[in-house]
Every structure is written in C-alpha cells, then in structure tokens.
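Geometric and topological summary
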Amino acid sequence: MRIAMIGSGYVGLVSGACLADFGHEVVCIDKDPDKIAALNEGRMPIYEPGLDALVAENVRQKRLAFSTDLKPAVAGAQAVFIAVGTPSRRGDGFADLSYVYAAAREIAEALTGYAVVVTKSTVPVGTGDEVERILREARPDLDVGVASNPEFLREGAAIGDFKRPDRIVIGAEDARAAAVMQEVYRPLYLNQAPILFTGRRTAELTKYAANAFLATKITFINEIADLCEQVGANVQEVARGIGLDNRIGAKFLHAGPGYGGSCFPKDTLALVKTAQDYCTPVRIVETVVAVNDQRKRAMARKVIAACGGSVRGKRVALLGLTFKPNTDDMRDAPSLSIIAGLQDAGARIVAYDPEGMEQARPLLQGVDYAEDAYACAEGADALVIVTEWNAFRALDLARLKAMMAAPVLVDLRNVYASADAEQHGFAYAGIGVA
Ligand SMILES: NC(=O)c1ccc[n+]([C@@H]2O[C@H](COP(=O)([O-])OP(=O)(O)OC[C@H]3O[C@@H](n4cnc5c(N)ncnc54)[C@H](O)[C@@H]3O)[C@@H](O)[C@H]2O)c1
C-alpha cells in the first residue's frame, strides 16, 4: 500500500518506519525542514532505541522516504495518517487542534482519488467529524473516508509496542474505510494482534480513557506512598501485594515523583475539558490532574527536608532529567518543577542525563551540566535520582559518598534499597518507604 504520514515526530516517525517495515511504501512528511534534512542524512531527530537501524534499513529498501512536500506524497496514497502534535492549548488546557485541522486542509488539496484520512494524533471526541467536514467542504468532489486510529506506543519502547501491540483500535464509520485500515494492519493481524473495530467517536474516547486510567493508577499508588511514609509501611511491598491480583495488575504501580511526558498531562487535562463541555465531569480524573500537579513541586520540598530544611547555597545534583528513561523527551518532565522548586529555595543545581541534556538546556536556566553521574555528584550536598535510567541503577555508592560534600541520597524512583544506602553511610529518602 502507499501511505503518507503527516508529522514525523515521535509517533509519525516510529509509525512510518514500522509500517514501511511491514512492506508498505511510506513517505513521512514534516513541516520542519531541519527534521527532514536530518532524516535524509540518516540522523534521527529523536532518541528512540532501535529507530536508526529500522529507518536505515527501510530507506535502503526504498520503502521509506522523507519530505517536506505533502502534495506528491498524498496524491495516490491509499491511507493518509495525521500524526501532528495536539498540545494543551494555552489558557484553557483543551487540546490544540490547529495542527490537525491545518493538516486536513492541506490533505484535501492534495488528494487525487479515494483514500482514508486517519487521525493517529490523540484527538478529542468529534475531531474526526470536523476533519471530515473540512475535507468535504474543501473538496465536495472527493471520495474520502475518515478513520480514527489512536496510537498507544510508549516512548523508549516504541518500536516493540508498534510491532507487537496489545491491541489496535480502529474507529471507522463505513465498511470501505474499515477495509483499507484492515489492509494497513494485515501484517499485524497475521501475528494475532487483536484489532478492535469501533465507531470513530468510540476510538477517539478509548485513547483518552486509556491514558486517564493509567495516570489514575500512578496517582493512586503515589498517594498510597505518601500514606506509607506516615504510617511506617513500604509502598513497594503494598504495590506487589495488590499488583499480583490479576484484577489490578502490577504495571503502573511504581510510586514516584508524579507522571510527566508528552501525553498523560495534556491528555488527562483534555479529557477533563471534554467531559465538562458535555456536562458530565470526570471528577476522578480532575482530582488526578490536581494531585499530580502538586506532587511534582512537593518533590522539591522532599529534597529540602532531606537536606535538613534548607538548600540555600547548597549544591544539589540531579540524576535524570527526561520524564522517563530511554527517551530524550523533556515535555512536562517532573525534573522541570523539581529544579524550579529547588532554585526558588536557593539551591545550585548540577544535572546529568544520558540523552536529555540537549533538549533540557533551552528549558532550564542556571543549571550546570555534568558529563556523567559521578562528575554530577562531585562536591554535592545531595544527590537526587529523578529518572531511573539503567546507568543509575548500579552506582558505586562508596565512591559517591567519598566524593560528595554531604551523604544525602534522595531516590525518587526507589532504585536503591534504603538499608543498602544507609550501610554505605548515606542519609536515604525514598518514596513511600519509611
Ligand atoms: N509521544 C508519544 O509517546 C505519543 C504516544 C501516543 C500518541 N501520541 C500522540 O501523537 C501525536 C503526535 O505526538 P508526537 O509526540 O509525535 O508529537 P511531535 O511534536 O514529536 O511531532 C509532531 C510533528 O508534526 C509536525 N507537523 C505539525 N503540523 C504539520 C503539518 N501540517 N504538516 C507536516 N508536519 C506537521 C511537527 O513539525 C512535528 O515534527 C499527539 O497527538 C500525541 O498526543 C504521542
């Protein structure tokens, strides 16, 4: 099949490369000429494990190409995916759909025959209806289908998630569009990935419901962690104790500094807004949003408490800046709020992240960057683990203690056992461990 992917960010690029790997002919389009130039030179604009090799192989096989020119890619394509950003709109927090609608208008001008226009971006209920309206208004002559195909991949494990998904959700309003989408995913269907065909609005809402549920699970265990600290219980053991119950499941029960990233914060907020618009507020999700917002800054207070109540003039070393490991994505990362809170309290910040420092630099002021974890800890009054990169899982605690000004370890991901850290002479503060 010929496929055009509009938007070559985390989702568009990974989806485009994987669809090419299934044997389709894919052109990934982006408005950003630097991004396309980098891709055409074989450089990845994002860090995602395995992506460079996958892209290189499919470019070599002539199944994958990159361009800023939407028109020739869309003309003759059987499926045109919209994978542009849908960030929170400034002011009201609703999803900003201007990129989606702009893409739809450009696609309308470029289509030459029957095609299915597919929103892969996370979009509020009813966006597919509006995309269809835009297409039909611009080109009343056009024979076109509009489908919703939300993406569930996780950054850092995106290729595996796309190729071996738990499920594929396709929202289509007619059999012809559904048949095209079935053909797109036929290689996965052969691998028995369940495909759910639903109405378009159902597919759109499924994505928000999934993210809101996962964000709720994280927030639940974070609040239980706070309670654990007060009552002398251990949240990791509580999480295991409940997670082994199949009805609950063990995933997304790791207490930490609050969720961040490019999806959960904006998607929970957009769902809250949609539900309010329809006069059926989702009060659980409203609370999750509020609790999580407050939690990120509370982590700065936790560090201050671990430092004896003040960080003024102290050097605080942060390990990990990205919102999770194996990505360079800094969008809504908890580190941003934690650093702001510590700087407000007078701390000097030094940070190290294996992949995220380039993305972090424009977002942070007054931060020194180190070359590795040990250089980061040198002379520090406290070491804070913010993101659980593998590189931080087996640090030499004796070496760290010897080089730090004060042996304070604040482990916001519970990577280390408190007994182990204390044995090495650290004052240890984890999450939900008394
Ligand atoms: N990042 C994730 O892990 C993830 C997972 C599932 C779903 N999603 C959803 O997928 C969508 C895309 O997310 P992302 O993280 O890939 O965003 P991104 O910001 O990394 O990429 C979007 C790209 O679209 C390009 N673009 C915008 N308008 C364009 C246009 N008219 N023509 C061509 N290119 C255009 C931008 O230049 C940018 O490169 C969002 O709705 C997001 O919520 C993201």
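What counts as what
- Residues numbered from 1 in each chain as written.
- Predicted model: local features only at pLDDT ≥ 70, side-chain atom pairs only at ≥ 80, totals over all residues.
- Heavy atoms only, no water.
- Near = heavy atom within 4 Å.
- Polar contact = N/O pair within 3.5 Å; in protein donor to acceptor, adjacent residues only side chain to side chain.
- Areas by Shrake-Rupley, 256 points an atom, 1.4 Å probe, with all protein chains shown as cover.
- Helix = DSSP H or I, 4+ residues; strand = E, 2+ residues; numbered from the N terminus.
- Nonpolar A, V, L, I, M, F, W, Y, C, P; charged D, E, K, R; others polar.
- Buried < 20%, exposed > 50% of the residue type's maximum accessible area, 1.4 Å probe, protein only.
- Phe/Tyr/Trp six-rings, centres within 6.5 Å; stacked < 30°, edge-to-face > 60°.
- Lys NZ or Arg CZ within 6 Å of the ring centre and 35° of its normal.
- Expected span 1.5 Å × (residues − 1).
- Axes fitted to C-alpha atoms, helices over the stretch in contact; angles between N-to-C directions.
- Left-handed = near helix turned anticlockwise from the far one by under 90°.
- Contact = heavy atoms within 4.5 Å.
- Pairing = 2+ DSSP bridges.
- Right-handed = clockwise from strand over helix to strand, strands pointing away.
- Salt bridge = Lys/Arg side-chain N within 4 Å of Asp/Glu carboxyl O.
- Lys, Arg positive; Asp, Glu negative; His and termini not counted.

1. Re the site of the ligand
Around the ligand lies a shell of 24 residues, among which Asp30, Lys35, Thr86, Glu155 and Lys266 are the nearest. Within the backbone of Val11, one N or O atom sits 2.8 Å away from an oxygen atom of the ligand. Lys266 places a polar side-chain atom, nitrogen or oxygen, 2.5 Å from an oxygen atom of the ligand. Notes on the ligand: free accessible area 830 Å², of which the protein chains cover 89%. Secondary structure elements with two or more residues in the shell around the ligand: helix H1 (10–21) and helix H5 (98–110). When its residues are assigned to classes, the shell around the ligand shows eight nonpolar, seven polar and nine charged.

2. Digging into the environment of Ile221
Here Ile221 is to be found in helix H10 (residues 200–231). Ile221 sits in the buried class, given a relative accessible area of 0%. In sequence terms Ile221 and Val272 are 51 residues apart; their C-alpha atoms lie 21 Å from each other.

3. Details of the packing of aromatic side chains
Across all of its chains, the model carries five aromatic pairs by this definition. Taking 6.2 Å as the distance between ring centres and 45 degrees as the angle between the ring planes, the aromatic pair formed by Phe252 and Phe264 counts as tilted. Taken together, the residues span a long stretch of sequence, with Phe252 in the loop between helix H11 (235–243) and helix H12 (264–277) and Phe264 in helix H12 at a distance of 12 residues. Relative to Phe264, the ring of Tyr259 lies with its centre 5.9 Å away and its plane at 80 degrees, an arrangement referred to as edge-to-face. In terms of burial, Tyr259 and Phe264 fall into one category: buried. Counting every residue linked through ring pairs, the aromatic cluster contains Phe22, Phe162 and Tyr185. The ring of Phe152 carries the charged tip of Arg167 above its face, separated from the ring centre by 3.6 Å. In this structure, Arg361 is placed above the aromatic ring of Tyr369, and the distance from its NZ or CZ to the ring centre is 4.4 Å.

4. A closer look at H10
Helix length check: H10, at 32 residues, gives a terminal C-alpha distance of 47 Å against a target of 46 Å (1.5 Å per residue), a fit within 8%. Gly232 sits one or two residues past H10 and shows a positive phi near 80 degrees.

5. Side note on the packing of H10 against H12
Relative orientation of the contacting elements H10 and H12 amounts to 115 degrees, with a least axis distance of 9 Å. Note that H10 runs across H12; the crossing there is left-handed. Between H10, through Leu205, Lys207, Tyr208, Asn211, Ala212, Leu214, Ala215 and Ile218, and H12, the contact on the second element is made entirely by Phe264, Asp267, Thr268, Ala270 and Leu271. Partitioning the contact of H10 with H12 into residue classes produces nine nonpolar, two polar and two charged.

6. Let's talk about the pairing of strand S5 (residues 115–119)
In terms of residue burial, S5 counts as a mostly covered element, since five of its five residues are buried. Side chains Ala115, Val117 and Thr119 project from S5 onto one buried face, and the interleaved Val116 and Val118 project onto a second face that is buried too. Pairing analysis gives four bridges linking strand S4 (residues 79–82) to S5, with the strands arranged parallel. Among the inter-strand pairings, Ala79 is bridged to a residue of S5, identified as Val116. The sheet contact formed by S5 and strand S6 (residues 144–148) spans five bridges and is parallel. Bridged to Ala115 within S6 is Val144. Read from S5 through helix H6 (residues 127–138) to S6, the crossover connection turns out right-handed.

7. Describing the pattern of salt bridges
On inspection of all chains with the given rule, the structure shows 24 salt bridges. With its nearest N and O atoms 2.9 Å apart, the salt bridge here joins Arg133 to Glu137. Here Arg133 pairs with Glu137, and both are found in helix H6, just four residues apart, close to one helical turn. Connected via shared salt-bridge partners are Asp129, Glu132, Arg136, Arg200 and Arg201.

8. Points about the side chain of Asp411
By the element assignment, Asp411 lies in strand S13 (residues 408–411). Here Asp411 is buried and forms no salt bridge, its nearest opposite-charge partner Arg413 lying at an N-O distance of 7.5 Å. Here the side chain of Asp411 touches Val415 through a polar contact of 2.8 Å, landing on its backbone nitrogen. A distance of 2.7 Å separates a polar atom in the side chain of Asp411 from the backbone nitrogen of Tyr416.

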